[in-house]
Amino acid sequence: MRTRTTLLTLPVAAAITMGLTSCSLFSSQTTTATKDLEVGQCYNTVSKDSGGDQAIGEVVVVDCSKAHTYEVIAQTTFSDDIKDFPKQQARDSLGQGFCLGEDFTKYVGIESGKTSYQVEYLTPGEGTWAQGDRKITCVVTQGDKSQVKGSAKNSKK
């Protein structure tokens, strides 16, 4: 299970948790694991029709020109020398620092403090950590989770 945390951009807030994980590559309507998402991919959570409101581990990757709720804007990893599953505070610290920093500015085209996007990040859960998952994935979404068409890349929003 991976954890999604929401950042309220300037006043960095934490911890909305949602379990997520699974597998695949970027293509239209591909179900994939959050740990396998890549920068530039857009996705939607699995719908109720697919077996749940937020089915564990699966998201549907879609072309960013089509309606989507989330877009991956940056990624980093915990260093290999961290052997034990980090506490929530350590995961939050790395996620917040990284996702609101320089990589956000490079991707979106403005500083995170000036954005209209809500910034969230996905971190390993204890189960995926044991399987070698060390990735932190930064995503942007609308504050109300409404769907958009088009990429956040260089949008300066």
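Here the structure is a predicted model, which is why all the values come from computation and not from measurement. Per chain, the residues get numbers from 1 upward, laid out in the order the sequence is written. With the structure being a predicted model, the display of local features is reserved for residues of pLDDT at least 70 and the display and counting of side-chain atom pairs for 80 or more, all residues being used for whole-chain, interface and lining totals. Side-chain descriptors were evaluated using all non-hydrogen atoms of the structure, hydrogens and water having been removed beforehand.

Okay, the overall build of the protein chain next. Helix and strand counts for the protein chain stand at 3 helices and 7 strands. Along the protein chain, helices and strands appear, N-terminal first, in the series β-β-β-β-β-α-α-β-α-β. Residues counted as buried form 46% of the 157 residues belonging to the protein chain. Nonlocal contacts in the protein chain, meaning residues at least 24 apart in sequence, comprise 68% of its contacts between residues at least 6 apart. All accessible-area figures derive from a Shrake-Rupley calculation using a 1.4 Å probe, and residue coverage is judged against the displayed protein chains alone. Of the roughly 7700 Å² of accessible surface on the protein chain, a fraction of 49% belongs to carbon and sulfur atoms. Think of it this way: any DSSP run of H or I at least four residues long counts as a helix, any run of E at least two long counts as a strand, and we number them from the N terminus. The buried label applies to any residue whose accessible area, calculated with a 1.4 Å probe on protein chains only, is under 20% of its type's maximum; exposed applies above 50%, and partly exposed to all values in between. Throughout, a residue-residue contact means that at least one pair of heavy atoms, one from each residue, lies within 4.5 Å.

For the rest of this paragraph, the subject is the state of the cysteines. In a disulfide, the sulfur atoms of two cysteines are held together by a covalent bond. Cysteine sulfur atoms that pair up within 2.5 Å are treated as a disulfide. According to the stated counting rule, one finds 2 disulfides in the structure shown. At a sulfur-sulfur separation of 1.9 Å, the disulfide partner of Cys42 is Cys64. In this structure, the disulfide formed by Cys42 and Cys64 twists by about 100° around the S-S bond and is classed as right-handed. On the criterion of sequence distance, the pair formed by Cys42 in strand β3 (residues 42-45) and Cys64 in the loop between β4 (58-62) and β5 (70-77) is long-range, its members being 22 residues apart. With a relative accessible area of 0%, Cys42 lands in the buried category. One disulfide bridge connects Cys99 with Cys138, the sulfur atoms lying 2.0 Å from each other. The sign of the -80° torsion about the S-S bond sets the Cys99-Cys138 disulfide as left-handed.

Right, let's talk about the nonpolar core for a bit. If you look at soluble globular proteins, the nonpolar side chains tend to sit buried side by side. Working definition of a nonpolar core: buried Ala, Val, Leu, Ile, Met, Phe, Trp, Tyr and Cys residues. They are joined through side-chain atoms within 4.5 Å. In this structure, Ile73, Cys99, Phe104, Val108, Val119, Cys138 and Val140 are the most contacted members of the largest nonpolar core, which totals 18 residues. Counting only elements with at least two residues in this core, the list comes to β5, α1 (88-99), α2 (102-108), β6 (118-123) and β7 (135-141). Leaving out residues up to four positions away in the same chain, Cys138 has contacts with Glu71, Val72, Ile73, Ala74, Phe98, Cys99, Glu120 and Tyr121. Counting residues in each nonpolar core, the second largest holds 8 residues, with Leu37, Tyr70, Val72 and Val139 among its members.

This paragraph deals with the environment of Leu94. Along the chain, Leu94 falls in helix α1. With a relative accessible area of 28%, Leu94 lands in the partly exposed category. The sequence separation of Leu94 and Tyr121 amounts to 27 residues, and the corresponding C-alpha distance is 9.9 Å. Setting aside residues no more than four positions away along its own chain, Leu94 makes contact with Thr77, Phe78 and Ile136.

This part takes up α1. Residue count minus one, scaled by 1.5 Å, sets the expected span of a helix. Look at α1: 16 Å from first C-alpha to last across 12 residues, which is about the 16 Å you get at 1.5 Å a residue. For α1, every residue scored as buried is listed here: Arg91, Asp92, Gly95, Phe98 and Cys99. Along the axis of α1, the buried residues cluster in a sector spanning 150°; they form a single face. More than 90 degrees from the buried face of α1, the exposed residues found are Gln89 and Gly97. The arc in question is traced by the directions running from the helix axis to the C-beta atoms.

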